[in-house]
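Geometric and topological summary
Residue-level listing of the chains:
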Amino acid sequence: GDKLDHKDSVSGKFKSAVVREVGKLGFKIRYTGGFTTSWSNYNTEPQRFADSGSITTRPAHRFAELKVGDEIDINPIYSISGRKHRGWKKGEIKELDKESGQVKVEYKYGATKYTHWTHLDNKEEIAEFESMSSKSGMTMCDLLQDDIKDKEDRRIDIGDQWE
């Protein structure tokens, strides 16, 4: 089958793969060096497909000096899980891929921490620390959610006064 780079639905990391079969669900993908297979449809998930070696063997041309523990801004727009955490946030590098410029970045959304794999050359998802995130590290969505919660808390406090 044809070789390609494909974003694994479990880890969210691009891996080298081979198209094994074409069916109603799209392409049956088999990851190189393992027995894991996955169905993936290019029409509905084009962000999971890339030319062979274009991500999995590409070294970082930006931020190559970064190491585990360094901070960076992240905008996880190509999330495999479908999480809607778009918007720039402060993140911390948790893992570096030995074969490429891919990094696993941990970020906080609300009160929960999440991780996201991306490539350091991806300008849509990675930027210099604090160059894109707000000083608080929160997105507009985070700020609006906090504002709504504050208003609800105040409404409850006012209601308590009348009882």
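Relevant structure appears above.
All of the points below concern the structure found in this document. Keep in mind it's a predicted model, so treat the numbers as computed, not measured.

This next bit is on the sheet that holds strand 8 (residues 102–109). Reading across from one edge, 9-8-7-6-10 is the order of the five strands in this open sheet, with antiparallel pairing throughout. Of all strands in the sheet, those bounded by a partner on one side alone are strand 9 (112–119) and strand 10 (126–127). Relative to strand 10, strand 6 (residues 71–74) runs antiparallel, the two being bridged by two bridges. Following the sheet pairing, Ile74 is matched in strand 10 by Ile126.

Turning our eyes to something else, we now look at the sheet that holds strand 5 (residues 49–51). Ordered in space as 4-3-2-1-5, the five strands form an open sheet in which the pairing is antiparallel. With partners counted over all chains shown, the strands left at the sheet margins are strand 4 (37–40) and strand 5, one partner each. Direction aside, the axes of adjacent strands within the sheet are offset by 45° on average. Bridge count for strand 2 (residues 14–23) against strand 3 (residues 26–31) is six bridges, and the pairing is antiparallel. Across the sheet, residue Ala17 finds its bridge partner in strand 3, namely Tyr31.

Scanning all chains against the criterion turns up three aromatic pairs. Both rings, one in Tyr107 and one in Tyr114, keep their centres 5.9 Å apart while their planes meet at 25°; by these two values the pair is stacked. With a relative accessible area of 23%, Tyr114 lands in the partly exposed category. Among the aromatic residues, ring-to-ring pairing joins Phe27, Tyr42 and Phe49 into one connected group. Between Lys13 and the ring centre of Trp117, over which it is positioned, the NZ or CZ distance is 4.7 Å. The lysine or arginine in question, Lys15, covers the ring of Tyr31, its NZ or CZ lying 5.6 Å from the ring centre.

Turning our attention to the environment of Pro46. Mapped onto the elements of the fold, Pro46 is located in the loop between strand 4 and strand 5. By relative accessible area, which is 36% here, Pro46 ends up partly exposed. Residues Pro46 and Lys7 lie 39 residues apart in sequence; the distance between their C-alpha atoms is 10.0 Å.

The rules behind each value
Residue positions are given per chain, counting from 1 as you read along its sequence in written order. In keeping with the model being predicted, local features are shown solely for residues with a pLDDT of at least 70 and side-chain atom pairs are shown and tallied solely at 80 or more, while totals for entire chains, interfaces and linings include all residues. Excluding hydrogens and water, the side-chain figures rest on all heavy atoms present in the structure. Any two strands with at least two DSSP bridges between them are considered paired. The helix and strand labels rest on DSSP assignments: H or I over at least four residues marks a helix, E over at least two residues marks a strand, and numbering proceeds from the N terminus. Axis lines are fitted through C-alpha atoms, for helices just across the contact stretch, and the angle between N-to-C directions can take any value from 0 to 180 degrees. Here is the rule: rings of Phe, Tyr and Trp (six-membered ring for Trp) pair when centre to centre is within 6.5 Å. Planes less than 30 degrees apart are stacked, more than 60 are edge-to-face, and the remainder are tilted. Each residue's exposure class comes from its accessible area (1.4 Å probe, protein chains only) as a fraction of the maximum for that residue type: buried when under 20%, exposed when over 50%, partly exposed otherwise. Two conditions define a charge sitting above a ring: the NZ of Lys or the CZ of Arg must be within 6 Å of the ring centre, and it must be within 35 degrees of the ring normal.

Read these as geometric descriptors, not functional statements.
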